[in-house]
Structure formats: structure tokens, C-alpha cells
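One letter stands for each residue in the lines below.
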Amino acid sequence: MPKFPYLIPTLLCLSTAMLSACNDDNTNSTATNAESSVVETPIPITETEQSAPILAVEDDECDVENFRLLDFTPWQRENGYWVGEYTLLGADGTPQVSSRWPYRYDNYRGFIHLEVLGNAIKQRNVFLYPPKLAELCDETTVALGNGICGINGNEKIFSADQKANDCSGNISGPFESFGMTLDTKTTLIGDDSVLYQVQMPDGSIMQNQLTTLPPNDTRVRTAQGFFSGSPTYASYYRERKVTKTEFFQLLAEARTEYNILATDHCGYDNTNQPSQTTCDDHFGLDLSTD
């Protein structure tokens, strides 16, 4: 998640990654993008982790506002900068194809910053997509921005935030998408597994996402998307934690590989609309000097 901290894409995402109800071609106004609903969790930390046991706290002893998520091993592992290779499948099990986002979903990249701050997690993602295969472009396929179908790739951003809802390390928060407010929750399952869930306003499940966090600075995420009880997509994300410097170096290299125009950097949001922001503002830093 990822797309909130498990959003997704974030995510999740995220850093974590560290992130939708329908696929991109569904014109139903309640649809949300698959990678945006993969809500991931905030992530940058490259130091050696101190393992902390997951202990439940009695409700009458719980001070959620002054709670530290970094006391829990999964959040220690999630916290940091993540880069990943992603595959998104449609409802039929083949790579997602969208008329509204004319780029490839079979193997694209994600860059996720997951940051754990006290009792909260902040996730900022950017997903990079390679150009559509030239032989699949025709007069009806128009690349977004100033790009050309079959030549230029593109990218979109995702943001998510969650806060502790108890003193057992679990978090939750609202997520706004396509005019809807969706409920998201993230549940810790031991030291190496995290379950992120997104619900539609009527309470029905929109996404189940499982993240596995072995103690080696890698994570694997798989998500199942639903709309009205029917499957809409599935994802397979492979990610590794890197330093802040590596994160932006690899981001620049991927943009060159996918031939993404500078005018499209962080240019679109999870609904495929202009993001109205810059990469500097999205990640909260000055990329020209950081």
C-alpha cells in the first residue's frame, strides 16, 4: 500500500512504499486505481534494527497519542526508502491494460518513502511506467502530456497517511479517492507480516494486501482487488530498501530508461489526472540539492 501506508504504493506504493475497486477502464465513478489502493506504509531507515516484541496493551493503559510505532519490529523494517519492480494483473489474470493510462503494467517501477513518526506513518510514492509497445499504438491511443505513444513512459504519485488505533502496533485512517472516503486499516501479524485492507463506504472489501518483511531489507507485497464482491485485479510487488541517495539516483535512472519527459515528473495522481504538484513538494524536500 498501497496506496495509506499500505496503500500502496505506496506503500505501498509504499516506502513503503511504501499503493482500487475497478480497473482503469471501468467508467464507474466509484472506481479507484489498483496501484493507488495498494496502500503501503511509510518507510526510510537503513540502520541496524533493534528487534522489539509485539505486545498487546490493555485499553485502559493505552495512550495512543503518545504511542511509538517504532517499538514494533515490522514498523522498524518498513521505515525507510524503497525501490521495487511491480506487476499488475487485471481481472482476467493477464497484465492490466488501460485506455485511460496508455502505459505498461506488466513490469513497472515504484519508489516509496515510508516515514514512521511517533504514532503515525507517512507514505509518499511515485510509480514509473514504461511506454506502451509501439505496435500496440494507433490513432486512438494518445499518450498523456507531451509524450508520444510507444516512445515515452510516464509516472504518477500516491500519498497516504495512517495513525495508531491501539497500542498493539495497528494503524488506520481515511483515504480520499474519486470523491469517496474509504476506510483503511493495517494489522500486524507477528514480526514479519502485515495485512493492509481497504473498505468501500458500504463496508465491503475493496482490497486485501499482504506484506512479508524478512529481516534482510526486502519486502514482498501481493494485493487482491474487489468491486461489489467480484475480483478486479491482483498485484505482485518486489521491493528492497535503499539509502536516500540511492533512491533518487535509481529514480533518475528509471526515468531515463523509460524516456519519461521532465514535464511529466510526478505529473499525475492516482486518478490519472494532473497532480498539480512538484516532486519537491510531494516528497517534502528540494530534489535539486538533496
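Residues numbered from 1 in each chain as written. Predicted model: local features only at pLDDT ≥ 70, side-chain atom pairs only at ≥ 80, totals over all residues. Heavy atoms only, no water.

**Thoughts on the packing of aromatic side chains**
In plain terms, the rule: Side-chain rings of Phe, Tyr and Trp, where Trp is taken by its six-membered ring, are said to pair if the distance between their centres is within 6.5 Å; with planes under 30 degrees apart they count as stacked, over 60 as edge-to-face, and otherwise as tilted. Secondary structure elements are taken from DSSP: a helix is a run of H or I of four residues or more, a strand is a run of E of two residues or more, and numbering for both begins at the N terminus. Buried residues are those whose accessible area, probed at 1.4 Å on protein chains only, stays under 20% of the maximum for their type, while exposed residues exceed 50% and partly exposed ones sit between those limits.
Applying the stated criterion to the full structure yields 18 aromatic pairs. A ring pair is formed by Tyr81 and Phe248, whose centres lie 6.4 Å apart and whose planes are at 65 degrees; its orientation type is edge-to-face. With Tyr81 in strand S1 (residues 80–90) and Phe248 in helix H3 (residues 244–257), the pair connects residues that are 167 residues apart, well separated along the chain. Considered together, Tyr81 and Phe248 belong to a single accessibility category, that of buried residues. A centroid spacing of 6.5 Å and a plane angle of 65 degrees characterise the contact between Tyr108 and Phe127, whose relative ring orientation is edge-to-face.

**Quick look at the confidence of the model for the protein**
We count it as follows: Per residue, pLDDT captures the predictor's confidence, and it can take any value from 0 to 100. Residues count as neighbours in contact if any of their non-hydrogen atoms are within 4.5 Å of one another.
Overall, the predicted model of the protein reaches an average pLDDT of 82, with 77% of residues at or above 70. Contacts from residues 1–58, a stretch scored under 50 in pLDDT, to residues over four places away or in other chains number 447 contacts.

**Considerations on the sheet that holds strand S10 (residues 230–242)**
Put simply, the rule reads: In this scheme, strands are said to pair when DSSP sees at least two bridges between them. What counts as an axis is a line fitted to C-alpha atoms, over the stretch in contact for a helix, and the angles between N-to-C directions run from 0 to 180 degrees.
Strand order in this closed barrel of ten strands is S1-S2-S3-S4-S5-S6-S7-S8-S9-S10, and the pairing throughout is antiparallel. Sheet twist, expressed as the mean angle between neighbouring strand axes with direction ignored, is 25 degrees.

**Quick look at the pairing of strand S6 (residues 180–189)**
Because side chains alternate across S6, one face comprises the buried residues Met180, Leu182, Thr184, Thr186 and Leu188, and the other comprises Thr181, Asp183, Lys185, Thr187 and Ile189, none of which is buried. Judged from the seven bridges that link them, strand S5 (residues 171–177) and S6 form a sheet pairing that is antiparallel. Directly across from Ser177, in S6, lies its bridge partner Met180. Pairing of S6 with strand S7 (residues 193–199), which is carried by seven bridges, proceeds in the antiparallel orientation. The residue bridging Thr184 from the neighbouring strand is Val198, located in S7. Taken together, S6 and the strand that follows it, S7, pair antiparallel across an intervening segment of three residues, in which Gly190 is found at a positive phi of about 75 degrees.

**Structural notes on the pairing of S5**
Residue alternation in S5 divides its side chains into a buried set, Ile171, Gly173, Phe175 and Ser177, and an unburied set, Ser172, Pro174 and Glu176. Here strand S4 (residues 154–164) hands over to S5 after six residues, with Gly169 in that stretch at a positive phi of 95 degrees.

**Remarks on unusual backbone geometry**
Of note, Cys266 is a non-glycine position whose phi angle comes to about 55 degrees, a positive value. Along the polypeptide, Cys266 turns up in the loop between H3 and helix H4 (279–283). Non-glycine residue Gln276 carries a positive phi angle of around 60 degrees. Relative to the helices and strands, Gln276 resides in the loop between H3 and H4.

**Topic: the nonpolar core**
So the rule is basically this: Nonpolar cores were defined as sets of buried Ala, Val, Leu, Ile, Met, Phe, Trp, Tyr and Cys residues, with membership established by side-chain atoms within 4.5 Å.
Formed by 39 residues in total, the largest nonpolar core has its most connected members in Leu69, Trp75, Trp101, Tyr108, Tyr129 and Leu182. With four residues, the top contributor of residues to this core is strand S2 (residues 108–117). Core analysis: the next-biggest nonpolar cluster, separate from the first, contains 17 residues, Leu128, Phe247, Cys266 and Phe283 among them.

**Things to note about the environment of Glu135**
Among the structural elements, Glu135 can be located in the loop between strand S3 (120–129) and S4. Of the residues examined, Glu135 reaches a relative accessible area of 63% and is grouped as exposed. The sequence separation of Glu135 and Gly150 amounts to 15 residues, and the corresponding C-alpha distance is 7.7 Å.

**Quick word on the state of the cysteines**
How we decide: Whenever a pair of cysteine sulfur atoms sits within 2.5 Å, that pair is classed as a disulfide.
As enumerated under the stated definition, the model contains three disulfides in all. The disulfide bridge from Cys62 ends at Cys167, spanning 2.0 Å between sulfur atoms. Looking down the S-S bond of the Cys62 and Cys167 bridge, the torsion is 85 degrees, so its handedness is right-handed. With Cys62 in the loop between helix H1 (34–37) and helix H2 (73–78) and Cys167 in the loop between S4 and S5, this residue pair connects regions lying 105 residues apart in the sequence. Two residues share a disulfide in this structure: Cys137 and Cys149, whose sulfurs sit 2.0 Å from each other. Disulfide Cys137 to Cys149: torsion about the S-S bond roughly -80 degrees, handedness left-handed. Of the two residues, Cys137 sits in the loop between S3 and S4 while Cys149 sits in the loop between S3 and S4, which places them twelve residues apart along the sequence. Cys149 sits in the buried class, given a relative accessible area of 16%.

**Considerations on H3**
Put simply, the rule reads: Take the residue count of a helix, subtract one, and multiply by 1.5 Å to get its expected span. Of all possible arcs, the one meant is that of the directions from the helix axis to the C-beta atoms.
Over its 14 residues, H3 extends 20 Å from the first C-alpha to the last, a length consistent with the 20 Å expected when each residue adds 1.5 Å. Regarding H3, the residues found buried are Phe247, Phe248, Leu251, Ala254 and Arg255. Take H3 and look down its axis: the buried residues cluster within an arc of 120 degrees, on one side only. Exposed side of H3, more than 90 degrees from the buried face: Thr245, Glu253, Thr256 and Glu257 are the residues found there.

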